[in-house]
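What follows is the residue order along each chain.
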Amino acid sequence: MLDYTPPTQDQLLAIRVNAGIAELAQAEKFAAAEEDLVEAIVEGVGQFAAGEFAPLNRIGDLEGAKLENGVVRLPDGFKQAYDAYVEQGWNAIASPEEFGGQGLPFTLACNVLENLGSANMAFNLLPMLSVGAIDALEHHGSDGQKAKYLPDLVSGKWSGTMNLTEPQAGSDVGALRATATPIEDGEHAGKYLIQGQKIYITWGEHELAENIVHLVLARLPDAPEGSRGISLFIVPKYHVNADGTLGPKNDLRCVSLEHKLGINASPTCVMSYGDNGECVGELVGAENRGLMAMFTMMNNARINVGNQGVQIAERATQQAIAYATDRVQSARAGSPDKNPVAIIEHPDVRRMLLRMKALTEASRALLYYCAGQVDRGNLGDETAKARGEVLVPLIKAWGTDIGIEVASLGIQIHGGMGFVEETGAAQHWRDSRIAPIYEGTNGIQAADLVTRKLGLEGGEAMLSLLSDIASECADEPTLVALAQDCLAIAEWMRDEASLDDKLAGSVPFCTMVAVAVAGWQMARQAKVVAEGGAPALAQTKPVTSRFFLDRIVPEASGLKSGATGGAALLYELPSSAFA
């Protein structure tokens, strides 16, 4: 498998142009995010990822995580790499300074995760989940809980998880059955006894961090049915003493590890809480308001999962380009020279490689545009906050779809060798396939877009986004046409379509809007490069942006009939007839 080379220049362009880091640095909160520091972070974490995480990618896939006598073990090298990650402070980039973080923009934390995940997607899930746990506790934890848990979570000394899914519940979180019973007396008075089983808990058990802070959804006695009766609890692997030292192990265990299609080095655990009736947890926030607190973490995680689509696309593209450059086969069609050439010279291979590069760069542009809006929202810009909320399902759904498409094209370019595991091309596709499923399937993201997000700020959040694209890109007629199609569909869904009709067209509509925003951000990049703003990309960016705008944007316009076709046809065939 090819080594990872950080795409530093393209990342810096996206951070500057799409996230607008210089404007963010004008705010007092982000004043430290000056150009020199931004470059140092992007270059530094890229080098770290390439040197420490990337060499473990293949061995992690082949050997995977193993459960031995209740202990989850990772292949040799993972512990040392994680210790180096903590020691160098990469976990603390955007965390609050009062708890040991650097207080930098979320945009730069996204870049840390992008590099780590391109180097090793399965390993990167460990810090990714911790970042989400930090976010949830920062917003919803008590002062005492923040002081107790955040410093070691921020440093990475401890890791975090989220525990939502149960065997019978799946995506219907409101159907969960885990219980939390108040403790009336003794040393844990005021806390709760947690009991239940959770599945698909990413990095739910391991030995890389000293403690694991599980955020667990459970029901209090007499809680309302459904999602209105869910509370959130901190359930540490090891009890934490008043002085911050670790006490005895809590009553929780990893029952088994899932045998998965990919991300084999990421232990996906079945977790059991309270087998002996002694699992102790602390309530986070108000009773029966746990889902609201968890969704703070979920929103963060959805952006970071969209980031995973970018990550796997980058890695697959690098490997495909290297293979196509080295693999010699057949003469170029129509050439008087009949000697075989590297397959990168053949038109269809060139088409696939350009598509891979254009899709990867465009999804990265969308990622950092979304991150920049989130940062502005965190500074108090309510309009940017609302726009960021609209962008979340776009980057999560389309970004992860792109990861799959690009990884699949990578296998195609390898030909038969792509289907053979030893090249490593298949790993990228296998790893990519989980991202459209977790943190809310892409169908759920699209449903969120056409229900909640379409009506945000009376519909203005979506309409203003599409209007900005149409007005700013007047010299790109295909992009304007796509934006206008999206506007028309948005208005139809808002004013005329039934709920079934909206949901039936939600996925194609989500793709259309995502491609429109990504095309807009690629056009912005191309303009800056044309003006001399990124000399290192002067040769490539004009071509990849043109490919996206001229080839991929028109494809998205073709989805209009699917977005507006309604639900009637879907139900003409009775359920029984499908069998």
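Described below are features of the structure shown in this document. (Residues numbered from 1 in each chain as written. Predicted model: local features only at pLDDT ≥ 70, side-chain atom pairs only at ≥ 80, totals over all residues. Heavy atoms only, no water.)

On to the packing of aromatic side chains, then. Per the counting criterion, the structure on display carries 11 aromatic pairs. With a centroid separation of 5.2 Å and an interplanar angle of 65°, the aromatic rings of Tyr192 and Phe233 are classed as edge-to-face. Taken together, the residues span a long stretch of sequence, with Tyr192 in strand β5 (residues 192-202) and Phe233 in strand β7 (residues 231-236) at a distance of 41 residues. Grouping residues by exposure puts Tyr192 and Phe233 together as buried. Ring centres 6.2 Å apart and planes at 80° place the aromatic pair Trp398 and Phe548 in the edge-to-face group. In this pair, Trp398 is assigned in helix α11 (residues 382-414) and Phe548 in helix α18 (residues 541-557), connecting sequence segments 150 residues apart. (Phe/Tyr/Trp six-rings, centres within 6.5 Å; stacked < 30°, edge-to-face > 60°. Helix = DSSP H or I, 4+ residues; strand = E, 2+ residues; numbered from the N terminus. Buried < 20%, exposed > 50% of the residue type's maximum accessible area, 1.4 Å probe, protein only.)

Okay, the pattern of salt bridges next. Inspection of the entire model under this criterion finds 33 salt bridges. In this structure, Arg364 engages Glu114 in a salt bridge whose closest nitrogen and oxygen atoms are separated by 2.9 Å. Here the residue Arg364 occupies a position in helix α10 (residues 347-378), and Glu114 occupies one in helix α6 (residues 106-119), the gap between them amounting to 250 residues. The pair formed by Arg364 and Glu114 is uniform in burial state, with each residue classed as buried. In this structure, Asp275 engages Arg253 in a salt bridge whose closest nitrogen and oxygen atoms are separated by 2.3 Å. (Salt bridge = Lys/Arg side-chain N within 4 Å of Asp/Glu carboxyl O.)

The biggest cluster of nonpolar side chains holds 179 residues, and the ones touching the most others in it are Phe123, Trp398, Phe509, Val517 and Phe548. Broken down by element, the residue count for this core peaks at 15 residues, all from helix α9 (residues 290-326). Ignoring any residue separated from it by four or fewer positions in sequence, one finds Val517 in contact with Leu366, Tyr369, Leu391, Leu394, Leu465 and Ile469. In this structure, Leu13, Val529, Ala534 and Leu537 belong to the second largest nonpolar core, which totals five residues. (Core = buried A, V, L, I, M, F, W, Y, C linked by side-chain atoms within 4.5 Å. Contact = heavy atoms within 4.5 Å.)

Attention shifts here to the environment of Ala242. For Ala242, the location among the structural elements is in the loop between β8 (238-240) and β9 (246-249). Spatially, the C-alpha atoms of Ala242 and Thr451 are 46 Å apart, while their sequence positions differ by 209 residues.

Taken together, Asp381, Glu382, Glu457 and Glu460 make up a surface patch of like negative charges. Given a relative accessible area of 34%, Asp381 falls into the partly exposed group. (Patch = residues over 30% accessible without salt bridge, like charges linked within 9 Å, V, L, I, M, F, W, Y side chains within 5 Å. Areas by Shrake-Rupley, 256 points an atom, 1.4 Å probe, with all protein chains shown as cover. Lys, Arg positive; Asp, Glu negative; His and termini not counted. Charge placed at Lys NZ, Arg CZ, Asp CG, Glu CD.)

What follows concerns α6. Its 14 residues place the ends of α6 20 Å apart at the C-alpha level, agreeing with the 20 Å of an ideal helix rising 1.5 Å per residue. Among the 14 residues of α6, 14 are classified as buried, and the element is accordingly described as predominantly covered. (Expected span 1.5 Å × (residues − 1).)

What follows covers the pairing of strand β12 (residues 280-284). Extensive coverage of β12 is indicated by the burial of five of its five residues. As judged from the three bridges shared by β7 and β12, these two strands associate in the antiparallel manner. Note on β12: the bridge partner recorded for Leu232 is Val284. (Pairing = 2+ DSSP bridges.)

Once that is clear, we can look at the environment of Phe99. Following the sequence through the fold, Phe99 ends up in the loop between α5 (78-87) and α6. Under the relative-accessibility criterion, Phe99 is labelled buried at 13%. Counting along the chain gives 49 residues from Phe99 to Lys148, while the straight-line C-alpha distance between them is 9.9 Å. Once residues within four sequence positions are removed from consideration, Phe99 is found in contact with Lys146, Ala147, Leu150, Pro151 and Val154.

Another point: the packing of α6 against α10. Contact geometry for α6 and α10: axes closest at 8 Å, N-to-C directions at 145°. Contacts between α6 and α10 involve Phe106, Thr107, Cys110, Asn111 and Glu114 from the former and Arg364, Tyr368, Ala371, Gly372, Val374 and Asp375 from the latter. Its residues assigned to classes, the contact of α6 with α10 shows five nonpolar, three polar and three charged. (Axes fitted to C-alpha atoms, helices over the stretch in contact; angles between N-to-C directions. Nonpolar A, V, L, I, M, F, W, Y, C, P; charged D, E, K, R; others polar.)

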